[in-house]
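Structural characterization, general
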Amino acid sequence: MEEMNVRKIKDYIVYTEGLEKTYKDNGLEVKAVRGIDLRLKSGEFTAVVGPSGSGKTTLLNIISGLDTATRGEVWLKGRLLSKMKKRELADFRRDNIGFIFQAYNLIPVLRVEENVEYIMLLQGVNKLERHKRVLEILDEVGLQGMGNRLPPKLSGGQQQRVAIARAMVSRPALILADEPTANLDSKTGGALLDMMKELNRKTGMTFLFSTHDNIVVERARRVITLQDGKILKDEVKER
Amino acid sequence: MWYPVKLAWRNIFRNKRRTYITAVAIGLGLASLIFSDAFIIGMKKNMIQSATSSFLGEAQIHQKGYRLTREVEKTVNNLPSVVKSLEGEDLVDRFALRTLTFGMITSPADVNSVLLVGIEPDKERKLSRIDDAINRGEFLSSETGRDIVIGSKLAEILDVGLGDRVVATCAQAGTGDLSQEMFRIAGIYTFNVREMDTGMAFIPLKKAQQMLGLENDVHEIAVKFKNMEDAAKENLPLWQKYSQEGNEMVSWAELLPDLKSVFEMTGIMLMIIGVILFAIVTFGVVNTLFMSLYERLFEFGVLRAVGTRPGGVRRLIILEAGAMALISIFVGAVLGFLLTFIFTKTGVDYRGIEFAGSTIYEMLYPVIHIRQYIIYPLAVFIFTLIIGLYPATVAARMSVTDAMRKSL
């Protein structure tokens, strides 16, 4: 029976069971996530939607191991996160998860190509391979010839493209994007989403968005709606 | 360049004004430490020179026990062989023989007790500053004459001037019989040191030996080294060599324990300046790093999120502290050098000031030493890295989600 369970967990890139997260806010106990069972298969393009405070970001933080659940477990690529030590978890995240944040969060003193290659440096990829992969990914996100620029010299859309390149360059199994279009106009946001969808199709990487932006919802193949920390709806769109 | 170093170096220039202010604050502290050290070396050198060159010599040889009792009979043992040996000594520049005894000087007007010193005029002229300190008349001209040189205060007490006659009285060795000789005042000196100007008188060595019944014996050999610093080196074999057969050779440090204490005190002063500097470094570095840390919390959160280990964040902050230290050291070393260099040319005028029983005769010049640009900067660098550990550990231990939530 247990063996069956293990096999079942390994079928999913993300497998959560009974996730709960309670934290204290000004002395009051707040339940941000209440018993979420989420399963994502490899290659999915999924959006978690819901109003502010519904638990979207908390869920993404727990899935990525940035935060810990009060109750319940998370398996990523079949590995149970709660069993990993801090350092092991940092290495696991580096090798398997790419992050895209609302405010881009590039390192302003590093040039575009240095920002993108940072994760590969942590992974110990050699210089030649790093250079090759940086050029490839910048090409894919439409930033050819911009590798030498510093992030503050780029537009919001261009900065988010760099963030996408940074998240994808190490070819992680899962990309977590927290409100990636929130700071962008609809045209730029739409173009970026189309690009990510295309990359998802080409590379087979799994994308999980937290958003309340229709631009994302329209393009997601699966939409999970959260309310008060619980899954209200889980819809898979027909292709 | 190694990636974390590049990142740290660029990070500290994100807020240039803050970095420069911190670097200047730390740099000024370092510069003051460098200058203080140079000044103290110069002051020590000047004071030792003042103290030893006036009369004392950089070292002295006596019969053991003489310094304590000042007994006339305690003369230097085996004088001819000691003198011969000193003549062949590489480290020794020159030396002079002396007799010393307490006696009385009488004039028609008054009487005063003095330390009556028998000297070799030619040798003494090159070893001590009695000759230079004469402001009326001239120095002794022969080893046998009846000339005497006295201090200006003593001349006032005795109410005598150049060419006047005085009578010197002292006790002879062995018998203790009184011996009296009349002398003509050839010169009057001013050292601006009360004990010397009031209580000393110089007569030719041969005449002094004759008065004391010492034949060719002496009480003291004053020694001057080719390099003054050798006089402070306690481990030189020379000290042992001349501290045999009942004699002892002692350096100025032993002869002037007060001066030695003053130098020890200046060492403590330098340490206090050092402590102040390191307090500035502590506040400067901790403040700058924490300001920079709290401004970039989200960024550290992102770095951690994308897989940077806590140790990587810690290393980054320590490298930033190191980069800050390097800039501060550059500023401090340049300022310190310029300040010291200017004063090595202009000097500091403390002439005539008496300090710890020693009068400063010459301009005081700070001494630039390579050690000032190695030890102090290195200490600042290491100390800054150690101080940087605190903010670095705070950053490394910070929860990733908290860091990403708390962005300023």
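The structure presented is a predicted model; accordingly, all values stated were derived computationally and were not measured.

1. Thoughts on the confidence of the model for chain B
Confidence in the prediction for chain B averages 88 pLDDT; 97% of positions are at 70 or higher. Here the prediction assigns the complex a pTM of 0.73, and the interface score ipTM is 0.81.

2. Thoughts on the nonpolar core
Leu59, Ile63, Leu76, Phe99 and Leu208 of chain A are the most contacted members of the largest nonpolar core, which totals 69 residues. It is helix H12 (residues 257-295) of chain B that contributes the most residues to this core, 9 residues altogether. Setting aside residues no more than four positions away along its own chain, Ile63 of chain A makes contact with Val14, Thr16, Leu38, Val74, Leu76, Leu81, Leu174 and Leu208 of chain A. Core analysis: the second largest hydrophobic core is formed by 40 residues, Leu106, Leu143, Val169 and Phe207 of chain A among them.

3. Observations concerning the packing of H12 of chain B against helix H14 (residues 310-346) of chain B
All names here are of chain B. For the pair H12 and H14, the least separation of the axes is 11 Å and the interaxial angle reads 130 degrees. One finds that H12 runs oblique with respect to H14. Once H12 is placed against H14, the crossing between them reads as right-handed. Contacts between H12 and H14 involve Val285, Thr288, Leu289, Ser292 and Leu293 from the first element and Ile317, Glu320, Ala321 and Met324 from the second. Of the residues contributing to the contact of H12 with H14, the split by class is 6 nonpolar, 2 polar and 1 charged.

4. As for the domain arrangement of chain B
Interfaces are often sized by the accessible area lost when the parts come together. Residue and element names in this part refer to chain B. Along its sequence, chain B is organised into domain 1 (3-51 + 260-405) and domain 2 (65-245). Relative to domain 2, the C-alpha centre of domain 1 lies at a distance of 51 Å. If you look at the interface, domain 1 gives 9 residues, while domain 2 gives 6 residues. One can count 0 salt bridges joining domain 1 with domain 2. Viewed at the interface, domain 2 and domain 1 are joined by 0 residue pairs in polar contact (both at pLDDT 80 or more). The biggest single contributor to the side of domain 1 that touches domain 2 is helix H2 (residues 16-56), with 3 residues. The residue inventory of the side of domain 1 that touches domain 2, partitioned by class, reads 2 nonpolar, 3 polar and 4 charged.

5. Here we look at unusual backbone geometry
If a residue is not glycine, its phi is most likely negative; likewise, a peptide bond is most likely trans. Residue and element names in this part refer to chain B. Despite not being glycine, Asp159 has its phi angle at roughly 55 degrees, a positive value. A positive phi angle, close to 50 degrees, is found at Glu245, a residue other than glycine. Along the chain, Glu245 falls in the loop between helix H10 (237-241) and strand E10 (247-251). The class for Glu245 is exposed, based on a relative accessible area of 54%.

6. Description of the layout of surface pockets
Considering only enclosed or pocket space, the largest pocket measures out at about 1,100 Å³ in volume. Around the largest pocket, the lining comprises 45 residues; the ones closest to its centre are Thr57, Thr58 and Asn61 of chain A together with Thr401 and Arg405 of chain B. Of all the secondary structure elements, the ones that give two or more residues to the lining of the largest pocket are strand E1 (14-25), strand E2 (28-36), helix H2 (56-64), helix H3 (86-96), strand E7 (97-100) and strand E8 (174-178) of chain A together with helix H13 (297-305) and helix H16 (400-405) of chain B. It is H2 of chain A that contributes the most residues to the lining of the largest pocket, 6 residues altogether. Partitioned by chemical class, the residues of the lining of the largest pocket number 17 nonpolar, 16 polar and 12 charged.

7. What to know about the packing of helix H6 (residues 156-168) of chain A against helix H7 (residues 186-203) of chain A
Residue and element names in this part refer to chain A. For the pair H6 and H7, the least separation of the axes is 10 Å and the interaxial angle reads 20 degrees. Judged by the inter-axis angle, H6 sits roughly parallel to H7. Considering only the axes of H6 and H7, their crossing is right-handed. Residues Gly157, Gln160, Arg161, Ile164 and Met168 of H6 form the contact with H7, whose participating residues are Thr188, Ala191, Leu192, Met195, Met196, Leu199 and Thr203. Residues belonging to the contact of H6 with H7 are distributed by class as follows: 7 nonpolar, 4 polar and 1 charged.

About the criteria used
Residues numbered from 1 in each chain as written. Chains lettered and ligands numbered in written order. Predicted model: local features only at pLDDT ≥ 70, side-chain atom pairs only at ≥ 80, totals over all residues. Heavy atoms only, no water. pLDDT = per-residue confidence, 0-100. Core = buried A, V, L, I, M, F, W, Y, C linked by side-chain atoms within 4.5 Å. Buried < 20%, exposed > 50% of the residue type's maximum accessible area, 1.4 Å probe, protein only. Helix = DSSP H or I, 4+ residues; strand = E, 2+ residues; numbered from the N terminus. Contact = heavy atoms within 4.5 Å. Axes fitted to C-alpha atoms, helices over the stretch in contact; angles between N-to-C directions. Parallel < 35°, antiparallel > 145°, perpendicular 65-115°, else oblique. Left-handed = near helix turned anticlockwise from the far one by under 90°. Nonpolar A, V, L, I, M, F, W, Y, C, P; charged D, E, K, R; others polar. Domains from an automatic or database assignment. Salt bridge = Lys/Arg side-chain N within 4 Å of Asp/Glu carboxyl O. Polar contact = N/O pair within 3.5 Å; in protein donor to acceptor, adjacent residues only side chain to side chain. 1 Å grid on protein atoms, 1.4 Å probe; cavity = no way out; pocket = protein on both sides within 12 Å on 5 of 7 lines; lining within 4 Å. Points joined across faces, edges and corners; volume = space filled by probe spheres on them.

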